[in-house]
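In case you want the letters, here they are:
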Amino acid sequence: MQHNGAGETPNGEPPPLSFSAAGPIQMATSRVRRFAQEGRTVPQPRVMVVFSAASDTEKQEDAMSGAIPGDEEYRKPAIPVPNLNLGKSLRTLEAPEEFPEVIPLNVGGTYFTTRLSTLRRFEDTMLAAMFSGRHYIPRDAEGRYFIDRDGANFGDILNFLREGELPPRDRVRAVHREAQYYAIGPLLESLEDTQPLTGEKVRQAFLDLLPYYKENLERIVEIAKLRAMQRKARFAKLKICVYKEEMPITPYERPLFNSLRFERSESEAKLFEHHCEVDVSFGPWEAVADVYDLLHCIVSDLAERGITADQQCIGVCDKHLINHYYCKRPIYEFKITWW
């Protein structure tokens, strides 16, 4: 801030220094000479101090500035502050770690012993990366390398890495999950060509024709749970419509068409649009798989969740549509038992 003019302020102090065309050095000299002639003490300048971290990349956001009320007190100049941000991951080692040829392992409390070359057999795997020497691996009290994972199926992982051995069929799904975790691509490919995963891929190709399948499965569970709780019952019953054709076909029309899809004009199709009076409806779809195949999928998927489901056909919709056309979509009664 600049002030023009000479003299003293009301409190007896000289006004701040001002700059003019004569130059700041000449002004300061004459001012000091005048104070000396009058026998007065030259006031000390006020100091602004800025504290900042000694980092080249960080911005000086928290600068502090101010003036001390006393003319004879000064702030100490800013001193460098050490940068405490290490910027280093705890899981990465600066120097590669050397491993012994035989590796003792503790996988979730289950002990294993294997060769280092076995763990490094496939480069693009989690195990190969862990034992590459670039990453820190914790050890247990006995010095075994610790992996925080359930070790129930880790033996099957090692058997494949040793000699390409695949697990028995009843453990294929569990080992497949472990192979996904450890990112062992060759094992994943081998398991996916083995039952029951191969059949699961074929089954899923059919269910992909029904994008609402999982949503409807959730509705079945929710409705059955709500009804059982409301009625304080051990089981609940639902009506579910499962139909394959896109629209109803009379027995007289069926022999005339050999294709999977029965085509009608857009105006005719609107005459057949309706919703059956059921809790959940599945269909239509275009595939060789029929209604009984979809029913099997529903029951087996519920069983996978631990839910017991029994189903039986109780008739057809039989709703009159137009002229001599009636809805003939089959209706199934599902009995969901909770305990």
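See the structure above.
The notes below deal with the structure included here. Everything quoted here is computed from the prediction, not taken from an experiment. (Residues numbered from 1 in each chain as written. Predicted model: local features only at pLDDT ≥ 70, side-chain atom pairs only at ≥ 80, totals over all residues. Heavy atoms only, no water.)

Comments concerning the nonpolar core
Thinking step 1. With 29 residues, the main nonpolar core has F282 and L294 as its most contacted residues.
Thinking step 2. Counting only elements with at least two residues in this core, the list comes to helix 7 (197–207), helix 8 (213–231), strand 4 (235–242), strand 5 (280–282), helix 10 (291–304) and strand 9 (330–337).
Thinking step 3. Those residues in contact with F282 that lie beyond four places of it in its chain are L210, Y212, Y213, N216, I220, I240, C241, V242, Y243, L294 and I298. (Core = buried A, V, L, I, M, F, W, Y, C linked by side-chain atoms within 4.5 Å. Buried < 20%, exposed > 50% of the residue type's maximum accessible area, 1.4 Å probe, protein only. Helix = DSSP H or I, 4+ residues; strand = E, 2+ residues; numbered from the N terminus. Contact = heavy atoms within 4.5 Å.)

Quick notes on the packing of aromatic side chains
Thinking step 1. Throughout the structure, instances matching the rule amount to 10 aromatic pairs.
Thinking step 2. Arranged with centres 6.2 Å apart and planes meeting at 25 degrees, the rings of F122 and F160 form a pair that is stacked. With F122 in the loop between helix 2 (116–119) and helix 3 (126–130) and F160 in helix 4 (residues 154–163), the pair connects residues that are 38 residues apart, well separated along the chain.
Thinking step 3. Residue F122 is classed as partly exposed on the basis of its relative accessible area of 22%.
Thinking step 4. The class of F160 is buried, set by a relative accessible area of 6%.
Thinking step 5. Where F154 meets Y182, the ring centres are 5.6 Å apart and the plane angle is 65 degrees; that geometry is what we call edge-to-face. Taken together, the positions of F154 in helix 4 and Y182 in the loop between helix 5 (172–181) and helix 6 (185–192) put the pair 28 residues apart, joining distant regions of the chain.
Thinking step 6. Judged by its relative accessible area of 1%, F154 is buried.
Thinking step 7. When its relative accessible area of 0% is taken as the criterion, Y182 is described as buried.
Thinking step 8. Cluster of aromatic residues (ring-pair linked, three or more members): F112, F154, Y181 and Y182. (Phe/Tyr/Trp six-rings, centres within 6.5 Å; stacked < 30°, edge-to-face > 60°.)

Remarks on the sheet that holds strand 1 (residues 102–107)
Thinking step 1. Across the sheet, which stays open at both edges, the three strands sit in the order 2-1-3 with mixed pairing between neighbours. Looking at which strands have only one partner, the edges of the open sheet turn out to be strand 2 (110–115) and strand 3 (145–147). Ignoring which end each strand starts from, the neighbouring axes of this sheet average 30 degrees apart.
Thinking step 2. Of the strand pairs in this sheet, strand 1 and strand 3 are connected by three bridges, and their pairing is parallel. In the strand pairing of strand 3, N106 is matched with F146.
Thinking step 3. Against the sheet, helix 4 engages strand 1 and strand 2, with an angle of about 10 degrees to strand 2. (Pairing = 2+ DSSP bridges. Axes fitted to C-alpha atoms, helices over the stretch in contact; angles between N-to-C directions.)

Observations regarding the packing of helix 8 against helix 10
The packing of two helices is summarised by the inter-axis angle and the distance between the axes.
Thinking step 1. Running from N to C, helix 8 and helix 10 point in directions that differ by 60 degrees, and their axes come no closer than 11 Å. Compared by their axis directions, helix 8 and helix 10 come out oblique. Considering the relative orientation of helix 8 and helix 10, their crossing is right-handed. Across the interface between the two elements, Y213, L217, I220 and V221 from helix 8 touch L294, C297, I298, D301 and L302 from helix 10.
Thinking step 2. Residues of the contact of helix 8 with helix 10, tallied by class, amount to eight nonpolar, no polar and one charged. (Parallel < 35°, antiparallel > 145°, perpendicular 65-115°, else oblique. Left-handed = near helix turned anticlockwise from the far one by under 90°. Nonpolar A, V, L, I, M, F, W, Y, C, P; charged D, E, K, R; others polar.)

Side note on the pattern of salt bridges
Thinking step 1. Per the counting criterion, the structure on display carries 12 salt bridges.
Thinking step 2. Residue D301 is joined to R203 by a salt bridge in which the shortest nitrogen-to-oxygen separation is 2.5 Å. Here D301, found in helix 10, pairs with R203, found in helix 7; they are 98 residues apart in sequence, far enough to count as distant.
Thinking step 3. A relative accessible area of 17% means that D301 is categorised as buried.
Thinking step 4. With relative accessibility at 17%, the residue R203 sits in the buried group.
Thinking step 5. Taken together, the shared-partner salt bridges connect R173, E200, R203 and D301 into one network. (Salt bridge = Lys/Arg side-chain N within 4 Å of Asp/Glu carboxyl O.)

Observations concerning the packing of helix 5 against helix 6
Thinking step 1. The contact between helix 5 and helix 6 brings their axes to 9 Å, and the two run at 155 degrees. What the angle tells us is that helix 5 and helix 6 run roughly antiparallel. Taken as a pair, helix 5 and helix 6 cross one another with a handedness that is left-handed. Residues V172, V175, H176, A179 and Q180 of helix 5 form the contact with helix 6, whose participating residues are L187, L188, L191 and E192.
Thinking step 2. A class-by-class count of the residues in the contact of helix 5 with helix 6 yields six nonpolar, two polar and one charged.

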